[in-house]
Amino acid sequence: MKFPCLLAPVAAAVLFAAGATHAQQTYKIAYIDPLSGPFANVGELMLTHTQYAIEDINAKGGVLGGTKLQLLQFDSKLSAQESQSALQAAIDQGARAIVTGGSGSSVVSALVQAVNRWNQRNPGKELLVLNHSSIDPELTGKSCSFWHFQTDANTAMKMKAIANTIKKTPEVKKVYLLNQDYAHGKQWAGYGRQLVGLARPDVQFVGETLHPIGRVKDFAPYLANIKQSGADSVITGNWGQDMTLLLKAAGDAGYDLHYYNHSAGSVPGTVLAVSQARLGQLTWVAEWHPGQADSPKVDALAKSYKARTGKDFLAPRIEMTPRLLAAAINKAGSTDTAKVALAMEDLSFESVVGPVRMRAEDHQLLLPQVVNTIAPVDGKAVKIGWEGTNYGFRTDAIYSGNELAQGTDCKMQRP
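The shown structure was predicted, so the numbers you read here are calculated from the model rather than taken from an experiment. (Residues numbered from 1 in each chain as written. Predicted model: local features only at pLDDT ≥ 70, side-chain atom pairs only at ≥ 80, totals over all residues. Heavy atoms only, no water.)

Visitor: Can you break down the nonpolar core residue by residue, with the values?
Guide: Core analysis: the largest hydrophobic core is formed by 95 residues, its most contacted members being Ile29, Leu87, Ile98, Leu128, Ile235, Leu325 and Met344. Looking at which element gives the most residues to this core, the answer is helix H11 (residues 316-332), with 7 residues. When residues no more than four places from it in sequence are discounted, the contact partners of leucine 325 are Tyr27, Ile29, Ala97, Leu128, Leu130, Val340 and Met344. Tyr176, Ala231, Ala249 and Ala264 belong to the second largest nonpolar core, which has 30 residues in total. (Core = buried A, V, L, I, M, F, W, Y, C linked by side-chain atoms within 4.5 Å. Buried < 20%, exposed > 50% of the residue type's maximum accessible area, 1.4 Å probe, protein only. Helix = DSSP H or I, 4+ residues; strand = E, 2+ residues; numbered from the N terminus. Contact = heavy atoms within 4.5 Å.)

This is the structure:
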């Protein structure tokens, strides 16, 4: 028996229902970074940037014509063990991607390894790791993973930019290496000795110290050793509390130093600490800095971000990270994790800091880097103050991602 009048409407209804289900579903993203402890302010800053982007993506229709992104929040407590507990909770709640990076390279590395194991055991339920701030070159080198993508320039790229700047700074003669005692701190010191040494063979490295991360309350004893060495400059990967307390101790001791750092200027409290010390210069490198000239797209984003959150905008790459994910999902035409990962490879994206590209061979994003120094407002090189001070950021040099790109030891295992 034929039912020509019924089959078409039924089929249409089934297809409509399937389409509606697809349009209404959510894609869950887990944020895992420090939301308590000495680096909570860093984690909160990164969370707000991530939230802003996701809310904006959803306001514009989400991905795949209607799928909304949902952000789950977890406190890493700056611990690899706590982060893996958070990862399991995220999996239990249906997360498909992890956004992280502010917990340090050892924590991110542990997360990536845990995700690798999960993905191998659970085909069809894989997760991605999007790392916006942990810049260990091993993560896109010997320890690279098909499931991990890095959206900040790595340590070697940032140090290359710093070394190029020191090459043109003859007053740097004696350098001390003071860093946090974990993988990133050791790498910042190692790349500093190597790349600055190549750029300026005449520079003397007069001392090196590693200190516990997040546990030093008074840096005066470390400053005494630096002063005794005769150093005029310090290569330090310190960030958060460890950077601000170092600046305070140097100011209290009346010790005028030039610090070379990867990203400390973007962390709340750093500019204030420099202004209060009134001595020393802090040069750092990032994809953008507040007050940077000729950056209308970032300026517009920063204005919108401030209006919505009431906070200052500092890190385009973090806000960009969910947007890269959304672009890859739309490119893949699917939320299937393996398909999204493949779509992310060699993805070119027109960001607010200019065109960026996710390098396929190691999943390292190539994006511009701006070397800049925290300095007093002078109306010319530094036009706006920051954190309620008369100190802001002076652009020293700008490099493209391609100029700073390094070779890679990545031997990626694809599923």
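Visitor: Tell me about the sheet that holds strand E8 (residues 233-235), and please be specific about residues and values.
Guide: Pairing within the open sheet is mixed, and its 7 strands lie in the order E7-E6-E8-E9-E10-E14-E15. Pairing within the sheet leaves two strands with one partner each, and these edge strands are strand E7 (204-211) and strand E15 (391-399). When strand polarity is set aside, the average angle formed by the axes of neighbouring strands in this sheet is 25°. Two elements, strand E6 (residues 174-180) and E7, share 7 bridges in a ladder whose sense is parallel. Directly across from valine 175, in E7, lies its bridge partner phenylalanine 205. (Pairing = 2+ DSSP bridges. Axes fitted to C-alpha atoms, helices over the stretch in contact; angles between N-to-C directions.)

Visitor: Report on the packing of aromatic side chains, specifying residues and quantitative values.
Guide: Overall, the coordinates contain 8 aromatic pairs when judged by the stated rule. Pairing phenylalanine 146 with tryptophan 147 gives two aromatic rings, centres 4.8 Å apart and planes at 80°, and the pair type is edge-to-face. Of the two residues, phenylalanine 146 and tryptophan 147, both sit in the buried class. Where tryptophan 288 meets phenylalanine 313, the ring centres are 5.9 Å apart and the plane angle is 50°; that geometry is what we call tilted. Highlighted residues: tryptophan 288 in the loop between strand E10 (281-286) and helix H10 (296-309) and phenylalanine 313 in the loop between H10 and H11, separated in sequence by 25 residues. According to the relative accessible area criterion, phenylalanine 313 is buried, its value standing at 2%. One aromatic cluster is present, formed by Tyr52, Trp288, Tyr305 and Phe313 through successive ring pairs. If you follow lysine 227 out to its NZ or CZ, it ends over the ring of tyrosine 255, 6.0 Å from the centre. (Phe/Tyr/Trp six-rings, centres within 6.5 Å; stacked < 30°, edge-to-face > 60°. Lys NZ or Arg CZ within 6 Å of the ring centre and 35° of its normal.)

Visitor: Can you tell me about the pattern of salt bridges, naming the residues and giving the values?
Guide: Side-chain pairs of opposite charge can arise where the charged atoms are in close proximity. The tally for this structure, following the rule as stated, stands at 19 salt bridges. The residue aspartate 181 makes a salt bridge to lysine 186 at a minimum N-O spacing of 3.7 Å. Assessed through its relative accessible area of 41%, aspartate 181 is described here as partly exposed. Take lysine 186: its relative accessible area is 47%, and that puts it in the partly exposed class. In this structure, arginine 414 and glutamate 345 form a salt bridge, with 2.6 Å as the shortest nitrogen-oxygen distance. Here arginine 414 is found in the segment after helix H13 (401-404), whereas its partner glutamate 345 is found in the loop between helix H12 (337-344) and strand E11 (348-351), with 69 residues between them in sequence. Residue class for glutamate 345 comes out buried when judged on its relative accessible area of 10%. It is possible to trace a salt-bridge network through shared partners that takes in Glu55, Asp56, Lys60, Arg308, Glu319 and Arg323. (Salt bridge = Lys/Arg side-chain N within 4 Å of Asp/Glu carboxyl O.)

Visitor: Lay out the state of the cysteines in plain terms, naming residues and giving numbers.
Guide: Two cysteines, two sulfur atoms, one covalent bond between them: this is a disulfide. Taken as a whole, this structure holds 1 disulfide when the rule is applied. One disulfide bridge connects cysteine 144 with cysteine 410, the sulfur atoms lying 2.1 Å from each other. Classification of the bridge connecting cysteine 144 and cysteine 410 rests on its S-S torsion, roughly 85°, and on that basis the disulfide is right-handed. One end of the pair, cysteine 144, is in the loop between strand E4 (128-131) and strand E5 (148-150); the other, cysteine 410, is in the segment after H13, with 266 residues separating them in the sequence. (Disulfide = S-S within 2.5 Å.)

Visitor: Describe unusual backbone geometry, and please don't skip the residues or the numbers.
Guide: A positive phi angle, close to 55°, is found at lysine 77, a residue other than glycine. Summarising the element assignment, lysine 77 is placed in the loop between strand E2 (68-75) and helix H3 (80-92). Residue lysine 77 is classed as partly exposed on the basis of its relative accessible area, which comes to 48%. Positive phi, normally seen in glycine, also occurs at aspartate 294, with a value near 55°.

Visitor: Any details on the packing of H11 against H12? Residues and values, ideally.
Guide: The geometry of H11 relative to H12 is characterised by a closest axis approach of 8 Å and an angle of 110° between their N-to-C directions. The angle between the axes of H11 and H12 places the two elements in the roughly perpendicular class. Packed against H11, whose contacting residues are Leu324, Leu325, Ala328, Ile329, Lys331 and Ala332, the element H12 presents Lys339, Val340, Ala343 and Met344 at the interface. The residue inventory of the contact of H11 with H12, partitioned by class, reads 8 nonpolar, no polar and 2 charged. (Parallel < 35°, antiparallel > 145°, perpendicular 65-115°, else oblique. Nonpolar A, V, L, I, M, F, W, Y, C, P; charged D, E, K, R; others polar.)

Visitor: Describe the side chain of arginine 359, and please don't skip the residues or the numbers.
Guide: With respect to the helices and strands, arginine 359 occurs in strand E12 (residues 354-359). Side-chain polar atoms of arginine 359 contact the side chain of aspartate 362, separated by 2.6 Å. Beyond its immediate stretch of four places on either side in the chain, arginine 359 contacts Asp346, Gln364, Leu366, Ala405, Gln406 and Thr408. (Polar contact = N/O pair within 3.5 Å; in protein donor to acceptor, adjacent residues only side chain to side chain.)

Visitor: Before we move on, can you summarise the pairing of E6 with the specific residues and values?
Guide: A large share of E6 lies buried, amounting to 6 of its 7 residues. Tracing the backbone out of E6, into helix H6 (residues 183-199) and back to the parallel element E7 gives a crossover that is right-handed. The sheet contact formed by E6 and E8 spans 3 bridges and is parallel. Considered in E8, the bridge of tyrosine 176 is made with valine 234. (Right-handed = clockwise from strand over helix to strand, strands pointing away.)

Visitor: Go over the packing of helix H2 (residues 40-59) against H11 with me, naming the residues and quoting the values.
Guide: Running from amino to carboxyl end, H2 crosses H11 at an angle of 40°, the nearest separation of the two axes being 7 Å. With respect to H11, the element H2 is oriented oblique. When the axes of H2 and H11 are compared, the crossing they make is right-handed. Between H2 and H11, the contacting residues are Met46, His49, Thr50, Tyr52, Ala53, Ile54, Asp56 and Ile57 on the first element and Ile318, Glu319, Pro322, Arg323 and Ala326 on the second. Residue composition of the contact of H2 with H11, by class: 8 nonpolar, 2 polar and 3 charged. (Left-handed = near helix turned anticlockwise from the far one by under 90°.)

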